[in-house]
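Now for the letters of each chain:
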Amino acid sequence: MKIPLVDLRAQYQLLAGEMNEALSQVLQRGDYILGQEVAEFEREFASYCDCRYAVGVASGTDALHLALEACGIGPGDEVITAPNSFVATASAISFCGARPVFVDIDPDRFTINPDLVASAITEKTRAIVPIHLYGQPVDMDALCPVAERFGLSIVEDACQAHGAEYNGRRIGSLGRAAAFSFYPGKNLGGCGDGGAVTTNDPEIAARVKQLRNYGQRVKYHHETLAYNSRLDTIQAAILRVKLQYLDTWNRRRQAIAASYTQLFDGCPVELPKSFEGSSHAYHLYVIRTTSRDELLHHLNQQGIGAGIHYPIPIHLQPAYQSLGCRAGDFPKSEASCREVLSLPIHPLMSDEQIEQVVLSVKKYIGQHDLMMAA
Ligand SMILES: *Cc1c(COP(=O)(O)O)cnc(C)c1O
């Protein structure tokens, strides 16, 4: 039995009727660009995130980029973030003409360590991009006062955290703005690329709307230089269908995580941790072990789609050589990149599949222990 890391075909089988109907309606209306489903999805997604506004854009990367630009981030500015993310977190900062400045992580959460942020702040610092990586909320109670003290905007990277909560509030409503991705494999994913910026600030929402649509509010009146970065009506129609299942699917992810955690009890791998007041969206279930590469190889050979998120921290990527960072600059992030392993946790996984993943991990560890003892 193969167990994929994500299973989009199973999702389609379950929702084929509704998804086909949603597509057919868009095709019949032909309102492909900023059609009625985009506005309806924006209303529904804003309400889901406990926010006043959501603005649909072409991808999560663009959501980050346009949210930062709408917050006034530009050339010469510095923006603080963590280096153990997907590269897009940093590239969105660079696309504004600003410089990403990295701060190491709290290894218990895999997210930015708020205690280290103040020492990275300079006169040029304008914003912080906390990443709710894997679906685990950042320790915002510790981070927000630092941002406030130095007058910095917070733009959440919520691309892995649709539906996660922090002190009873939805992720996406905790900063000046937040960026979501609807890449197909995310907790809420379309049939292609998509993204959204959420905010409670009407000016930020209005600026993102202008930035995604050539800088115009009135057709052919271009007030600022801007982009073409709109959420497709077809994607919005699909996302409206799937948004109705997001809470159920997130609860299933949490149940799978709870099963893993119980079944791995006593096993010498590090498991994801829970924090009082935080509700984890389990976009990924990430374990930690020093024999990560061998375990990954073993699982893949058994047909289990485990993965690494991410193998190289952003400050050591060739694309960011110009920042002048070196190996050893962010030791907690670098160690996590060597040791993290994501196990399958898609919501349509069966209990049998969960047990098979656990058995397979335990089998490897048993062999490994025998090898070490010999
Ligand atoms: C997916 C992701 C992005 C980028 O989203 P795209 O829709 O692929 O552009 C940014 N940050 C994080 C943490 C992500 O997981």
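Anything mentioned here points back to the structure above.
Residues numbered from 1 in each chain as written. Predicted model: local features only at pLDDT ≥ 70, side-chain atom pairs only at ≥ 80, totals over all residues. Heavy atoms only, no water.

K.L.:
Help me understand the pairing of strand 7 (residues 153-157) in this model?
P.N.:
A regular strand places its side chains so that they alternate between the two faces of the sheet. In terms of residue burial, strand 7 counts as a mostly covered element, since 5 of its 5 residues are buried. Of the two faces of strand 7, the one carrying Ser153, Val155 and Asp157 and the one carrying Ile154 and Glu156 are both buried. Where strand 6 (residues 125-129) and strand 7 come together, 2 bridges link them in parallel fashion. Bridging from a neighbouring strand, Ala127 pairs with Ser153 of strand 7. (Buried < 20%, exposed > 50% of the residue type's maximum accessible area, 1.4 Å probe, protein only. Helix = DSSP H or I, 4+ residues; strand = E, 2+ residues; numbered from the N terminus. Pairing = 2+ DSSP bridges.)

K.L.:
I'm lost on the environment of Thr125 in this one. Help?
P.N.:
You can see Thr125 is positioned in strand 6. Taking the C-alpha atoms as reference points, Thr125 and Phe150, separated by 25 residues in sequence, lie 8.8 Å from one another. Residues contacting Thr125, with those up to four places away along its chain left out, are Glu78, Ile80, Ala120 and Leu152. Looking at Thr125, its side chain comes within polar contact range of the main-chain nitrogen of Thr122, at 2.8 Å. (Contact = heavy atoms within 4.5 Å. Polar contact = N/O pair within 3.5 Å; in protein donor to acceptor, adjacent residues only side chain to side chain.)

K.L.:
In this structure, what is going on with the site of the ligand? I would like to understand it.
P.N.:
What surrounds the ligand is a group of 15 residues, the closest being Gly60, Thr61, Gln160, Ser181 and Lys186. Within the side chain of Thr61, one N or O atom sits 2.5 Å away from an oxygen atom of the ligand. At a separation of 2.8 Å, a nitrogen atom of the ligand approaches a polar side-chain atom of Asp157. Coverage of the ligand by the protein amounts to 93% of the 380 Å² it exposes when considered alone. (Near = heavy atom within 4 Å. Areas by Shrake-Rupley, 256 points an atom, 1.4 Å probe, with all protein chains shown as cover.)

K.L.:
Sorry if this is basic, but what is going on with the sheet that holds strand 12 (residues 278-279) here?
P.N.:
Sheet strands associate in pairs through backbone hydrogen bonding, adopting either a parallel or an antiparallel arrangement. If you walk across this open sheet you meet the 3 strands as 9-8-12, and the pairing is antiparallel. One side of each edge strand has no neighbouring strand; the edge strands of this open sheet are strand 9 (169-170) and strand 12. Two elements, strand 8 (residues 165-166) and strand 12, share 2 bridges in a ladder whose sense is antiparallel. Residue Tyr166 lies in a different strand from strand 12, and its bridge partner there is Ser278.

K.L.:
Would you explain the packing of helix 9 (residues 292-301) against helix 11 (residues 351-373) in this entry?
P.N.:
Packed helices, taken two at a time, are described by their axes: the angle between them and the distance between them. Where helix 9 meets helix 11, the closest approach of the two axes is 10 Å, and the angle between their N-to-C directions is 130°. On the basis of the axis angle, helix 9 is oblique to helix 11. Seen along the crossing, helix 9 lies across helix 11 with a hand that is right-handed. Where helix 9 approaches helix 11, its residues Glu294, Leu295, His298 and Leu299 are matched on the opposing element by Ser360, Val361, Tyr364 and Gln367. When the residues that make up the contact of helix 9 with helix 11 are grouped by side-chain class, the tally is 4 nonpolar, 3 polar and 1 charged. (Axes fitted to C-alpha atoms, helices over the stretch in contact; angles between N-to-C directions. Parallel < 35°, antiparallel > 145°, perpendicular 65-115°, else oblique. Left-handed = near helix turned anticlockwise from the far one by under 90°. Nonpolar A, V, L, I, M, F, W, Y, C, P; charged D, E, K, R; others polar.)

K.L.:
It is not clear to me how the packing of aromatic side chains should be interpreted in this structure. Could you clarify?
P.N.:
Summed over all chains, the structure comprises 12 aromatic pairs. For the ring pair Phe86 and Tyr310, a centre distance of 5.8 Å and an interplane angle of 35° mean the geometry is tilted. Taken together, the residues span a long stretch of sequence, with Phe86 in the loop between strand 2 (78-81) and helix 4 (88-95) and Tyr310 in the loop between helix 9 and helix 10 (331-339) at a distance of 224 residues. Residue Phe86 is classed as partly exposed on the basis of its relative accessible area of 44%. Its relative accessible area of 16% is what places Tyr310 among the buried residues. Taken together, Phe41, Phe45, Tyr48, Phe180 and Phe182 form an aromatic cluster joined through their ring pairs. Seen from the ring of Phe275, Arg109 lies directly overhead, with NZ or CZ sitting 3.9 Å from the centre. (Phe/Tyr/Trp six-rings, centres within 6.5 Å; stacked < 30°, edge-to-face > 60°. Lys NZ or Arg CZ within 6 Å of the ring centre and 35° of its normal.)

K.L.:
Explanation requested: the pairing of strand 6 in the structure shown.
P.N.:
Burial of strand 6 is extensive: 4 of the 5 residues sit out of reach of the surface. Strand direction decides the pairing type here: strand 2 and strand 6, joined by 4 bridges, are parallel. Note on strand 6: the bridge partner recorded for Ile80 is Ile128. Regarding the hand of the β-α-β motif, the stretch spanning strand 6, helix 5 (residues 140-150) and strand 7 is right-handed. (Right-handed = clockwise from strand over helix to strand, strands pointing away.)

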